[in-house]
Amino acid sequence: MGGGTKIDANSLIGAAHNAASKSYSPYSGYAVGAALLFDDGAVVTGTNVENASYGLSLCAETIAVSKAMADGVRGGLVAVAVTGPQDSGDGEPITPCGRCRQVLNELAQLGETDPEILCVGSDEVRRMPLSQLLPNAFGPAHLT
Ligand code: THU
């Protein structure tokens, strides 16, 4: 998993909430925040950025992974917190969409970690490894 890196769930979730406050989501009104924790303690955040051409919208997790990788990060992913609006839907914890699972998997497999995903709901945080959300994942190792 994360090589023993301690996960401070509350602060990681707080970072995701903070990122969600910058969401550009005028079309869905659904603000999402993501916070990635790395084995050196670094936290990289992202939020969803929508587009008038709706299908071009980018998810919070994808933005966070892109920010980290554009800064040269290639592994060490220990945990990911994902938050949605607390007052919408059925209060169930949000889970990363299928595309974001695949995007997260790229960084996870590069660093040979299985990050814990903290899915935040209105009164529950559901924690599970990425390998449970995306079993038998296709990844970089398949192409070597
Ligand atoms: N969204 C994310 O940012 N991450 C997910 O994992 C699920 C969906 C965004 C996309 C869109 O801007 C809004 O949530 C509604 O689907």
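Our structure is the block above this text.
Report follows, based on the coordinates. The shown structure was predicted, so the numbers you read here are calculated from the model rather than taken from an experiment.

Some words on the overall build of the chain
Of regular secondary structure, the chain possesses four helices and five strands. Helices and strands in the chain line up, N terminus first, as α-β-β-α-β-α-β-β-α. A globule of 144 residues ought to have a C-alpha radius of gyration of about 15 Å, and the chain, at 14 Å, matches this closely. Its C-alpha atoms give the chain principal-axis dimensions of roughly 40 × 35 × 30 Å. Nonlocal contacts in the chain, meaning residues at least 24 apart in sequence, comprise 66% of its contacts between residues at least 6 apart. Of the roughly 7400 Å² that the chain leaves accessible, carbon and sulfur atoms contribute 51%.

Focus: the packing of helix H2 (residues 60-70) against helix H3 (residues 98-110)
Where H2 contacts H3, the axes come no closer than 9 Å and their chain directions differ by 30 degrees. In this view, H2 runs roughly parallel relative to H3, as classed from their interaxial angle. As for the relative orientation of H2 and H3, their crossing is left-handed in sense. Listed contacts from H3 to Glu61, Thr62, Val65 and Met69 of H2 are Arg99, Cys100, Val103, Leu104, Leu107 and Leu110. Classifying every residue of the contact of H2 with H3 by side-chain character gives seven nonpolar, one polar and two charged.

Conventions used here
Residues numbered from 1 in each chain as written. Predicted model: local features only at pLDDT ≥ 70, side-chain atom pairs only at ≥ 80, totals over all residues. Heavy atoms only, no water. Helix = DSSP H or I, 4+ residues; strand = E, 2+ residues; numbered from the N terminus. Rg over C-alpha atoms; globule rule 2.2 N^0.38 Å. Contact = heavy atoms within 4.5 Å. Areas by Shrake-Rupley, 256 points an atom, 1.4 Å probe, with all protein chains shown as cover. Axes fitted to C-alpha atoms, helices over the stretch in contact; angles between N-to-C directions. Parallel < 35°, antiparallel > 145°, perpendicular 65-115°, else oblique. Left-handed = near helix turned anticlockwise from the far one by under 90°. Nonpolar A, V, L, I, M, F, W, Y, C, P; charged D, E, K, R; others polar.

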